[in-house]
There are 2 protein chains.
Amino acid sequence: MSAASKAKRDDPDLDVVVFERGEWVSYGACGLPYYVKGEIQSLEELVSVTPEEFREERDIDLRTGHDVVDIDPDERVVTARGDDGTVEQPYDSLLVATGAAAVTPPIDGLEREGVYTLGSMSDGKQLREYVARARSEGDLRQPDSGPACQFLETCAGSVGVVGGGYIGVEMAEALSANGFEVHLFQRGDRILTQFGEATSEAVRDHLAERDVAVYFDAEVTELAGGEAVEAVVAGDRRVPVEMVLVGTGVRPRTELAADAGIELGPTGAIAADAYRETNVPDVYAAGDCAEAEHVVTGEPTHVPLALTANRHGRAVGRTVAGEPTAAGGTAGTAAVKAFEMEAARTGIVDPEAAREAGFDPLTETIEANSRAGYYPEGGTVRVTLTVDRPTGRVLGGSLASEYGEGAVHRSHALVGAVTEGVAVDDLSNYDLAYAPPFNTTWDPVLTAAKVVNGKR
Amino acid sequence: MSAASKAKRDDPDLDVVVFERGEWVSYGACGLPYYVKGEIQSLEELVSVTPEEFREERDIDLRTGHDVVDIDPDERVVTARGDDGTVEQPYDSLLVATGAAAVTPPIDGLEREGVYTLGSMSDGKQLREYVARARSEGDLRQPDSGPACQFLETCAGSVGVVGGGYIGVEMAEALSANGFEVHLFQRGDRILTQFGEATSEAVRDHLAERDVAVYFDAEVTELAGGEAVEAVVAGDRRVPVEMVLVGTGVRPRTELAADAGIELGPTGAIAADAYRETNVPDVYAAGDCAEAEHVVTGEPTHVPLALTANRHGRAVGRTVAGEPTAAGGTAGTAAVKAFEMEAARTGIVDPEAAREAGFDPLTETIEANSRAGYYPEGGTVRVTLTVDRPTGRVLGGSLASEYGEGAVHRSHALVGAVTEGVAVDDLSNYDLAYAPPFNTTWDPVLTAAKVVNGKR
């Protein structure tokens, strides 16, 4: 919808047709966990622009309930099926923005009642209904003896979360806040893998404080039960649950493009150049279905997150409206709130990943006060920086702090450094804003840069 | 003390002697307003490292109570007077770090009782004592009918603040929080002049909401009264007050250096090269008494703020310990909290200043949600960006938001852009961190960059 809106705005004479399989467009999927949690009262609040507004105010021919089943790049026609039959739509330029789908992990019992994923608005609706139902019943039940519910007057039940990425962590918060005893299963040895070791550990410790049971190296093999799920099975461990949220990541939806001869890249997502054009002329790909160039390595990467999707969509809109526009790559920047913590990451944080990209990484983590030590509020910011030892180039970084202590916004300094290829010595000399309510004289980012530079 | 500590750490064989006129060293002067406000309970909390720690743990020969009265660069000797007479101290390398002094504006009556400035620890102590005294008496008094006190059960009295810079604004908060009716007098047509028009207006509006009376174009000519101050006189206006805080800026303390033949630069502060060395070999100058190179213009500038002072001091320490170290310039970055608002600025914000520096400026201000629109908390961030129209180079920017909504930490993105000479189009493509509790998909900084770029 970013592309459609931008194209139409830049060239109102264009005929812009959008096919959407579902009923919802332009919604903030990132807000779904907060809807399930109960902090957002209606799904409609997540919608930025309604289908009616797209049609009436932006003059975009938006056809919801239309499933595109074929792209014919030779004839320049797409075929879509809707309630009223099949339509063939010719095009001059085409954007494939098929997004990503939840990964279906090799787990038995995914079909059982009480097993959920969280990708779409209807997923969110179902989960919220489940939570409401369980809560209303929860008052009548005795608390379980689990790690969370023993502290609750009533317990809404034990639930499993499979996967310790954003969705897993955000949903652990959402469910715990509703009185569920949450058991989170992670395949590897840390959660939020992309955030680097120190940040992962900080969030893990916080989840433990919030009585979320986190199981590491816990490859879930079965969601056991009868018609409904009754337990999560991971190796020898079997944890009784009444519901399971599966959040094991997403994969790009590429079938439609691949069938049309559009090339996929090394990540499995659709390959596209700086203008998001695929190997097929005038066919573009943007968003969660497509690759983007990593700002550090210059190599294709697949980071299915909102900002890159928006930015690239907008660039495609400008391009097809006549002004060829590249919209930069991705730094793989991400942010997450986990209960009363916040964390962000950007660039290449993991030393192993840096080595694979041909660098000689040095990674250091520091802890610093989030505000002047004498200031009455404040907490601790942990900053992890990964630099290339010989050149000092900042490859990536990660930050964690209490919620409200600025880990996420402070990461803005690192995104610039990563994107511009700044040396850590130069970063340590940045004249970042300082006042006692906001940081120490040297912001934690600067302290980290000084420390890392001193160890090169 | 940054220089002394770093030099000694890098080369423990160095003899490091520090002369300090007063008794306090290494204290957070920026915290003084919060001490006066009552949020910090003792002056000692503002001290990072005590004189004893410098002497005993860092092996620095710190001589407090010693006033340096002469530098002889030919003989390489400084002369200092202490309680026990005059000492002559030979040196190999010398750092002049004489700081800045409060400007004495051309106002009659500055000598009256009840007139304060806030530069030193003893200033802070006196102000706090005044506040405590006035508060204890205030309970017995009827509220005045002024803009603040009419809403208070008791009023600690009417006070004047002369000057609308950081100190003026922070002290307005500190005094208002203690029940004073605050009258702030500003010579020009806006407060926080360096922050640009939009941010200044945002803070002005907020001060008004908090019942601080702000008088613009109000050049104070007299602090009238008998032995004690009784009124602030600005043109035809005469406002009765019981106390006045004069915060009209600082000037570099350069007399000692100038007398020794050390050159001053165009700003009036001590001129120094990238290594902070003055025209006199082995004599360095850093901190509030010295110039620094502006990262945008490359020209000398005088920005007496804590981080540059710390950074340059540290660099001088490294340099004299044998590793010549430049520590970058200054972007003139600054941050301020004003009641329940926060603001930051960096680079060249003011179009007039940009024109004087040879640019063709374009300045735009946007307002955006600080968090996802559907997220239950949040406010508004105003972002002002100034760019060079032909090249798109980001020259500077300013942000304002509710306190806690991230104006200051978000400014970190702009500092990098200003320092690296990034074009606004590239800035708009930065992959900044996003999650609903922290911003909209496009952080307000990105939205501002898009808008400005679109208007070039």
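Everything numeric here is computed off the predicted structure, so don't read it as measured data.

Colleague: Please explain the overall build of chain A as it appears in this structure.
Modeller: For chain A, the helix and strand inventory stands at 12 helices and 24 strands. Computed over C-alpha atoms, the radius of gyration of chain A comes to 23 Å, within 12% of the 23 Å expected from 2.2 N^0.38 for 456 residues, which places it in the range of a compact globule. Residues classed as buried in chain A amount to 55% of the 456 residues present. Across chain A, contacts joining residues at least 24 apart in sequence account for 60% of those joining residues at least 6 apart. Of the accessible surface of chain A, which amounts to about 18300 Å², a share of 43% is contributed by carbon and sulfur atoms.

Colleague: Explain the sheet that holds strand β22 (residues 361-369) of chain B here, please?
Modeller: Sheet strands line up and pair through hydrogen bonds in the backbone, either parallel or antiparallel. Residues and elements named next belong to chain B. Pairing in this open sheet of 5 strands is antiparallel, and the strands run β20-β21-β24-β23-β22 from one edge to the other. The sheet is open, and its two borders are formed by β20 (334-338) and β22, each paired with just one other strand. Geometrically, the sheet is characterised by an average inter-axis angle of 10° between neighbouring strands, direction not taken into account. With 9 bridges joining them, β22 and strand β23 (residues 380-388) adopt antiparallel strand pairing. Paired with Thr365 across the two strands is Thr384, which belongs to β23.

Colleague: Is there a simple way to explain the interface of chain B and chain A in this structure?
Modeller: Interfaces are often sized by the amount of accessible area the parts lose when they come together. Chain B puts 63 residues into the contact, and the matching count from chain A is 63 residues. In total, chain B and chain A occlude about 5200 Å² of area from one another, counting both sides; carbon and sulfur atoms represent 64% of this. Here chain B and chain A share 0 salt bridges between them. Taken together, the connections running from chain B to chain A amount to 22 residue pairs in polar contact (both at pLDDT 80 or more). Those elements that provide at least two residues to the side of chain B that touches chain A are α8 (306-320), β20, β21 (341-347), α10 (407-420) and α12 (444-455) of chain B. Here the element with the most residues in the side of chain B that touches chain A is α10(B); it accounts for 10 residues. Of the residues that constitute the side of chain B that touches chain A, the class distribution is 31 nonpolar, 18 polar and 14 charged.

Colleague: What is the right way to read the pattern of salt bridges from this model?
Modeller: When the charged atoms of two side chains with opposite charge come close together, those side chains can pair. Residue and element names in this part refer to chain A. The final tally for this structure, using the stated rule, is 42 salt bridges over all chains. The partner of Glu352 in a salt bridge is Arg355, with the nearest N and O atoms 3.4 Å apart. In this pair, Glu352 and Arg355 both sit in helix α9 (residues 351-356), 3 residues apart, roughly one turn of the helix. One continuous salt-bridge network, built from bridges that share partners, spans Lys37, Glu39, Glu173 and Lys337.

Colleague: It is not clear to me how the relation of the copies chain B and chain A should be interpreted in this structure. Could you clarify?
Modeller: The operation relating the two chain copies consists of a rotation about an axis and a shift along that axis. Mapping chain B onto chain A calls for a screw motion: a turn of 180° about the axis and a shift of 0.0 Å along it, with 0.0 Å RMSD after fitting. Both copies of the chain, as the preceding transformation shows, are related through a two-fold rotation axis. Both copies share a contact surface, since 100% of the interface residues of chain B are interface residues in chain A too.

Colleague: Whenever I open this one, the pairing of strand β13 (residues 229-234) of chain A confuses me. Can you help?
Modeller: Regular strands place side chains that alternate from one sheet face to the opposite one. Residue and element names in this part refer to chain A. With 5 of 6 residues buried, β13 is to be regarded as a mostly interior element. Pairing geometry for strand β12 (residues 220-225) and β13, over 5 bridges, is antiparallel. Looking at β13, one finds that Val220 is bridged to Ala234. Linking β12 back to β13 in an antiparallel pair, the connection comprises 3 residues. Hairpin connection, β13 to strand β14 (residues 237-240): the antiparallel pair is bridged by 2 residues, and Gly235 has positive phi, about 60°.

Colleague: Help me understand the environment of B:Lys6, please; the structure alone is not making it clear to me.
Modeller: Residue and element names in this part refer to chain B. Its place among the elements puts Lys6 in helix α1 (residues 2-10). Sequence separation between Lys6 and Ala321 is 315 residues; the distance between their C-alpha atoms is 8.2 Å. Here Lys6 is in contact with Arg314, Gly317 and Arg318, once residues within four sequence places are set aside.

Colleague: Hey, could you run me through the domain arrangement of chain A in this one?
Modeller: All names here are of chain A. What the domain assignment lists for chain A is domain 1 (2-96 + 252-320), domain 2 (115-248) and domain 3 (340-454). Measuring from the centre of the C-alpha atoms in domain 1 to the corresponding centre in domain 2 gives 32 Å. Summed over both sides, the interface of domain 1 with domain 2 buries roughly 1400 Å², with 68% coming from carbon and sulfur. On the domain 1 side of the interface with domain 2, the three residues burying the most area are Pro33, Val36 and Lys37, jointly 45% of the side's total. Where domain 1 packs against domain 2, one counts 1 salt bridge. For Lys37, the salt bridge is made with Glu173, and the minimal N-O distance between the two is 2.5 Å. Applying the counting criterion to the domain 1 and domain 2 interface returns 5 residue pairs in polar contact (both at pLDDT 80 or more). Classifying every residue of the side of domain 1 that touches domain 2 gives 13 nonpolar, 2 polar and 1 charged.

Colleague: Hey, could you run me through helix α5 (residues 166-177) of chain A in this one?
Modeller: Each turn of an α-helix holds 3.6 residues, which means side chains three or four residues apart point in the same direction. Residue and element names in this part refer to chain A. Given a rise of 1.5 Å per residue, 12 residues ought to cover 16 Å, and the 16 Å separating the end C-alpha atoms of α5 matches this to within 8%. Residues Gly168, Val169, Glu170, Met171, Ala172, Glu173, Ala174, Leu175 and Ser176 constitute the buried set of α5. At the C-terminal side of α5, Gly179 shows a positive phi close to 90°.

Cut-offs and rules
- Residues numbered from 1 in each chain as written.
- Chains lettered and ligands numbered in written order.
- Predicted model: local features only at pLDDT ≥ 70, side-chain atom pairs only at ≥ 80, totals over all residues.
- Heavy atoms only, no water.
- Helix = DSSP H or I, 4+ residues; strand = E, 2+ residues; numbered from the N terminus.
- Rg over C-alpha atoms; globule rule 2.2 N^0.38 Å.
- Buried < 20%, exposed > 50% of the residue type's maximum accessible area, 1.4 Å probe, protein only.
- Contact = heavy atoms within 4.5 Å.
- Areas by Shrake-Rupley, 256 points an atom, 1.4 Å probe, with all protein chains shown as cover.
- Pairing = 2+ DSSP bridges.
- Axes fitted to C-alpha atoms, helices over the stretch in contact; angles between N-to-C directions.
- Buried area = accessible area lost by both parts, 1.4 Å probe.
- Salt bridge = Lys/Arg side-chain N within 4 Å of Asp/Glu carboxyl O.
- Polar contact = N/O pair within 3.5 Å; in protein donor to acceptor, adjacent residues only side chain to side chain.
- Nonpolar A, V, L, I, M, F, W, Y, C, P; charged D, E, K, R; others polar.
- Least-squares fit on C-alpha atoms with pLDDT ≥ 70 in both.
- Domains from an automatic or database assignment.
- Expected span 1.5 Å × (residues − 1).

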